[in-house]
Amino acid sequence: MKRKLFALFLSVFFAFALWAQKPTQFFPYEYYNSSERDYYDYVGILNSRGETLEDDSEWTVTLYNYGSTYYIVTKYKPGKEQSENKLIPVLTDHSSTYKKLDSKIDESKGRDYHVCLVFFDSEDHLICSAQYSENY
């Protein structure tokens, strides 16, 4: 019984810890889920001209440059959607890749550019977004 209560407490704590999460050394993203932002927060970006990086049976990945941020927008195809719980470990595991991409953009442009990852389901509902940041 104690294990079940501890597991419940830990999962609730983890959920609240990620809600409106600020960057940390272990999760270097300004992170937003669907309760904090939605599709309309990204309409200006999505209406600009983007470059399709991948379009297959699972998703469409498009790169947008809007202001001082590069947006990598992933839109899942019907039946292939991911949950927020599955995306968080992916962001954690690949943070070094996004750090390299963020620093390459900074060096190549001579300006302070950033990388933001945005994930939508097939019906344009925001799953989550995460902007790489080491401001912790």
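Look up a bit, the structure's there.
Residues numbered from 1 in each chain as written. Predicted model: local features only at pLDDT ≥ 70, side-chain atom pairs only at ≥ 80, totals over all residues. Heavy atoms only, no water.

1. Things to note about the nonpolar core
Inference 1: If you look at the biggest cluster of nonpolar residues, it comprises 17 residues, and the most contacted ones within it are Y29, Y31, L91, L117 and F119.
Inference 2: Those elements that place two or more of their residues in this core are β1 (29-33), β4 (69-76), α3 (84-93), β5 (114-120) and β6 (126-132).
Inference 3: Per-element tally for this core: the top contributor is β6, with four residues.
Inference 4: Judged by nonpolar contacts, the second largest core, of 10 residues, contains L46, V73, V118 and F120. (Core = buried A, V, L, I, M, F, W, Y, C linked by side-chain atoms within 4.5 Å. Buried < 20%, exposed > 50% of the residue type's maximum accessible area, 1.4 Å probe, protein only. Helix = DSSP H or I, 4+ residues; strand = E, 2+ residues; numbered from the N terminus.)

2. Things to note about the environment of I88
Inference 1: With respect to the secondary-structure elements, I88 resides in helix α3.
Inference 2: Classification of I88 by relative accessible area gives buried; the value is 7%.
Inference 3: Considering only alpha carbons, one finds I88 and C128, 40 residues apart in sequence, at a separation of 9.1 Å.

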